[in-house]
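# Coordinate analysis (summary)
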Amino acid sequence: MSDSTSTANGVIAEVHHEHPSYQRHHFESVDQQFDATNFAMWLFLLTEIMFFGGLFTAYLIMRNWYYPAFVEASHQLNIGWGTANTGVLIVSSFTMAMGVWSAEMRKKGMLILFLSLTWILGVAFLGIKSIEYHEKWVKHHVPGLHWSDSSFLNPASDPEVYKEYHDKPLAPDMAAKAGMYFFLYFAMTGMHALHMIIGISILTFMIFRARAGAYTTGHVTYVENFGLYWHFVDIVWIFLFPLLYLISRH
Amino acid sequence: MSAATIVSLPDQSTATIPKMNFLSKENGLLSWLLTGDHKRIATLYLISITFFFFIGGSLAGLIRLELLTPQTSLMAADTYNKVFTMHGVIMVFLFLVPSVPATIGNFVIPLMVGARDLALPKVNLLSWYLYVIAGIMVIYTMAAGGVDTGWTFTSPLSTHYLNTHVISTGLAIFVAGFSSIFTGLNFIVTIHKMRAPGMTWFRLPLFVCSNYAASILMVLGTPVLAITLVLVVLERTVHIGVFDPAYGGDPILFQHLFWFYSHPAVYIMILPGMGVISEVVSTFSRKRVFGYTAVAFSSVAIAVFGFFVWAHHMFIMGISNYAALVFSLLTMLVAVPSAIKIFNWAFTLYKGSITFETPMLYAFGFMGLFTIGGMTGVFLGSTGTDIHLTETYFIVAHFHFVMVGGMLMAFLSGIHFWWPKWTGRMYPEKISQFAAVVTFIGFNFTFFPQFILGTLGMPRRYAAYPPEFQALNVFSTAGATILGVGYLLPILYLTWSLKYGAIAGNNPWQATGLEWQTQSPPLTENFPEIPIVDHEAYDYEWLESQKQKEVASVG
């Protein structure tokens, strides 16, 4: 048994030489490391789909149950800001993809530029989102905290939305269900915004690492996997936008 | 019991534990708390889940003591509700779900596939920290006054009527869920990408296949539970939500989302246990597992069917008759792959050279108890009998036969089986055989009377019951005492064996898995050189030829 220990030391010493510094000790090759972490990221995104899936299920069922309330509540959303945000996110996905490309091409300056652009667009998205949240607060559309049914009991009291959609007044019990719509709106966009905040934090860290030259030596796994995450968060919004903003706009 | 044994230990007068191994490599608390080594993380997990098993088990003891008499004599009904809820929460989320995967699986899967570690060591460590945070939150909940919703958090009970600590428990389970997701994710990636050269899919030991199937369930099911609990917590904090009918919500939606995870969770708990049994049965009957491919695919089949049967928990909760019909039929389907496993193990035993070491005794216990647990599941899957039996002690007995009689037996079987690999030392054989028999007897005394109580109509989750049920309840409590002894013994003698056990050598069982072809305890790097696999799983002839080669080279 002491034999096996001594050969063990010899072999381990051998295993460790002439590997790039970013290869973790338990992988046999860089390819294996890239394959494994990349696959892990896809699996993680699968869990994220299931996570958001629960919310989408709840939304679809409640929309079926309380259709009139969901339609009128949806009219309260600001399509201008929503569309702008969709644009912002799609462009940020493009800059992120360019970031991955620059890392692969080992162009450090471009990588920092594209990561920074992605960062700015991410923050812009949250900025626009907070304008929208503020609007909900002002209009008493925050269920549980700052809520009033009046926009739905008497739609004419909100002339801006009324002149566009001519909503009919809802019965009081149905009007209260608009709160359900806004509960789901805040739960879904809030969960999405939380993912954006996590993404932006990681992006901040990555920009500093990129300046130190971490991703332009051929080791692009981190940037590529983060890119996958960023695109995923973008895609979630691509589903949220029509379901929350567009679906009731006839 | 025959005196025959396959155990072959090195000469005790000269044998030593290898100086260089994963336990001795580094010392100090930090070397453990910051480790990336799957074997050390498995050890941390083993210690933590044993701690929570101890708490959960003590709570079970309190439940059985209270039920000794028909009146609420030991504790008030409210307290009783909290005790069985905490028992359920701790046992399900902090013991059964991580038991085999996070401890034994964590330890042996990289060894079995011939890798140096799991694919993501840091994520593995993170998973343990999340588990510990969840555990602390559960302990906080208990200290702050507990929660009394039952482990199922049924809405609107959990969201409207109760003022106990639903929020902290919900968040604890949310965190524990991510711990489980990361374990599952790590296993899937490792099994896909880290196999040694020559280790094809159909050369994998069946323990790996069953953990792979369980990991799929963890990865796809757990996030749904996580979001459901977030919604429950939101509903309690902002007083509006999608589950409580008072706010216009749908309590059935809660049931669907909850059981979409929590039914597959049952298979998360049992599948890794089935993997242990495959390894043990093959090793101690010296035969390749009969119908290897069928057993491997039956694990996957259980995982797939497991996702389409959740509504059988809801037959009395207002789902439509047609839904009940479809879910009932789908539930029957799960019996098929489970039966495939049981029959194949039986055929593995047929004409095998069977020996009765402790892991094998536990495995026999598993096969008998799991069969009873599984068959009574078919009763409950039939809509007609379900309406009579659901929410009675029949259900309690059914899932304890599967979870305790099945999973816990498999866990103990696996712990004894891999103990020599883990620690380098043998457990004491005679007393552990005794413990296995005591556990089996105690278990049957505890839970078999509950089947009868259930068919007689005794409802679950009440602190008091009509006096005519007392005789059977006394039986059950007496059995629980025996069962308690059965669980205490391994804790004692396994601890004892850490210092005084016989030196095990590399392969005390003469087993074929790659984990047995390296030293015990293994090196931090697992293998001096990554092995090249040139034989099928459970190939005992290959093992013989290896031994002859060794003898030849020494001679």
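Residues numbered from 1 in each chain as written. Chains lettered and ligands numbered in written order. Predicted model: local features only at pLDDT ≥ 70, side-chain atom pairs only at ≥ 80, totals over all residues.

### Focus on the overall build of chain A
Heads up, the rule is: Helix and strand definitions here come from DSSP, where helices need a minimum of 4 consecutive H or I residues and strands a minimum of 2 consecutive E residues; each element is numbered from the N-terminal end. In this description the radius of gyration comes from C-alpha coordinates, and the expected globular size is given by 2.2 Å times residues to the power 0.38. In this scheme every C-beta is placed from the backbone, and a residue whose C-beta has 20 or more other C-beta atoms within 10 Å is buried, one with 12 or fewer is exposed, and one in between is partly exposed.
Summing up its helical and strand segments, chain A has nine helices and two strands in all. Each helix and strand of chain A, ordered N terminal to C terminal, gives the series α-α-α-α-α-β-β-α-α-α-α. Taking 250 residues into account, the globule formula puts the C-alpha radius of gyration at 18 Å, and chain A, at 24 Å, lies well above it. With respect to the principal axes defined by its C-alpha atoms, chain A has extents near 85 × 45 × 30 Å. Expressed as a percentage of the 250 residues in chain A, the buried residues total 36%.

### Some words on the overall build of chain B
Note the following rule: What counts as a contact is two residues whose backbone-derived C-beta atoms lie within 7 Å of each other.
Counting its regular elements, chain B contains 16 helices and zero strands. Its C-alpha atoms give chain B principal-axis dimensions of roughly 80 × 45 × 45 Å. For chain B, buried positions account for 56% of its 555 residues. Considering only contacts within chain B whose residues lie at least 6 apart along the sequence, 85% involve residues at least 24 apart.

### Concerning the interface of chain B and chain A
Counting residues at the interface gives 40 residues for chain B, matched by 37 residues for chain A. Top contributing element to the side of chain B that touches chain A by residue count: helix α7 (residues 206-238) of chain B, with ten residues.

### Here we look at the confidence of the model for chain A
Put simply, the rule is: The pLDDT value expresses, per residue, how confident the predictor is, ranging between 0 and 100.
The predicted model of chain A has a mean per-residue pLDDT of 89, with 92% of residues at 70 or higher. Counted against residues more than four places away or in other chains, residues 1-16 of chain A, with its pLDDT under 50, gives 14 contacts.

### Remarks on the environment of Tyr131 of chain B
Residue and element names in this part refer to chain B. Mapped onto the secondary structure, Tyr131 falls in helix α4 (residues 121-144). Under the C-beta neighbour-count criterion, Tyr131 is labelled buried, with 27 such atoms within 10 Å. When the C-alpha atoms of Tyr131 and Ala246 are compared, they prove to be 35 Å apart, with 115 residues separating the residues in sequence. Beyond its immediate sequence surroundings of up to four residues, Tyr131 is in contact with Ser48, Pro98, Ala176 and Ser179.

### What to know about the packing of helix α3 (residues 77-113) of chain B against α4 of chain B
Residues and elements named next belong to chain B. Condition: Axes, fitted as lines to C-alpha atoms, cover a helix only where it is in contact. Angles between the N-to-C directions of the axes lie from 0 to 180 degrees. Any angle that is under 35 degrees is reported as roughly parallel, and any over 145 degrees as roughly antiparallel; angles of 65 to 115 degrees are reported as roughly perpendicular and all others as oblique. Handedness of each helix crossing follows the sense of rotation of the near helix against the far helix: counterclockwise by less than a right angle gives left-handed, clockwise gives right-handed. Three categories are distinguished: nonpolar for Ala, Val, Leu, Ile, Met, Phe, Trp, Tyr, Cys and Pro, charged for Asp, Glu, Lys and Arg, and polar for the others, with Gly belonging to the last.
In the contact formed by α3 and α4, the axes pass within 12 Å of each other and the chain directions differ by 160 degrees. Here α3 lies roughly antiparallel to α4, going by the angle between them. Between α3 and α4 lies a crossing of left-handed hand. Contacts from Met86, Val89, Ile90, Leu94, Pro98 and Asn106 in α3 reach Asn124, Tyr131, Ala134, Gly135, Val138 and Met142 in α4. In terms of residue class, the contact of α3 with α4 is made up of nine nonpolar, three polar and no charged.

### A look at helix α6 (residues 166-193) of chain B
Here is the rule we go by: Expected span of a helix: the number of residues minus one, times 1.5 Å.
Across its 28 residues, α6 of chain B extends 40 Å between first and last C-alpha, which sits within 8% of the 40 Å expected from 1.5 Å per residue. Of all 28 residues in α6 of chain B, 23 are buried; the element is thus mostly enclosed.

### With respect to the environment of Leu330 of chain B
Residue and element names in this part refer to chain B. Checked against the element boundaries, Leu330 lands in helix α10 (residues 321-349). Of the residues examined, Leu330 has 18 C-beta atoms within 10 Å and is grouped as partly exposed. Residues Leu330 and Gly381, 51 residues apart in the sequence, show an inter-C-alpha distance of 9.0 Å.

### Considering the environment of Pro521 of chain B
Residues and elements named next belong to chain B. With respect to the element layout, Pro521 can be found in the loop between α15 (470-500) and α16 (540-554). Spatially, the C-alpha atoms of Pro521 and Gly384 are 53 Å apart, while their sequence positions differ by 137 residues. The contact partners of Pro521, leaving out residues within four places of it in the chain, are Asn21, Phe22, Leu23, Trp422, Thr423 and Gly424.

### Let's talk about unusual backbone geometry
At the junction of Ser155 of chain B and Pro156 of chain B, the peptide bond is cis and its omega measures out at 5 degrees in the coordinates. Along the chain, the position of Pro156 of chain B falls in the loop between α4 and α5 (157-161). The linkage connecting Ser520 of chain B with the following residue, Pro521 of chain B, adopts the cis geometry, with an omega of -10 degrees. A positive phi is found at His166 of chain A, a non-glycine position, where the angle reads about 50 degrees.

### A short note on the packing of helix α2 (residues 38-66) of chain B against α4 of chain B
Residue and element names in this part refer to chain B. Where α2 meets α4, the axes come as close as 10 Å, and the angle between the chain directions of the two elements is 15 degrees. Considering the angle they form, α2 stands roughly parallel to α4. Viewed along their axes, α2 and α4 form a crossing whose handedness is left-handed. Two secondary-structure elements touch here, α2 through His38, Ile41, Leu44, Tyr45, Ser48 and Phe52 and α4 through Pro121, Asn124, Leu125, Trp128, Tyr131, Val132 and Gly135.

### Section: α10 of chain B
Residues and elements named next belong to chain B. For α10, which comprises 29 residues, the first-to-last C-alpha distance of 43 Å matches the rise-based estimate of 42 Å (1.5 Å per residue) to within 8%. Listed as buried for α10 are Phe327, Thr331, Val334, Pro337, Ser338, Lys341, Asn344, Trp345 and Thr348. Buried positions along α10 lie against α8 (251-285), α9 (292-306) and α11 (358-381). Where α10 ends, the next residue or the one after it, Lys351, has phi of about 60 degrees, a positive value.

### Some details on the confidence of the model for chain B
Taken as a whole, chain B shows an average pLDDT of 94; of its residues, 99% reach a score of 70 or greater. Both confidence scores are given for the complex: pTM 0.93, ipTM 0.91.

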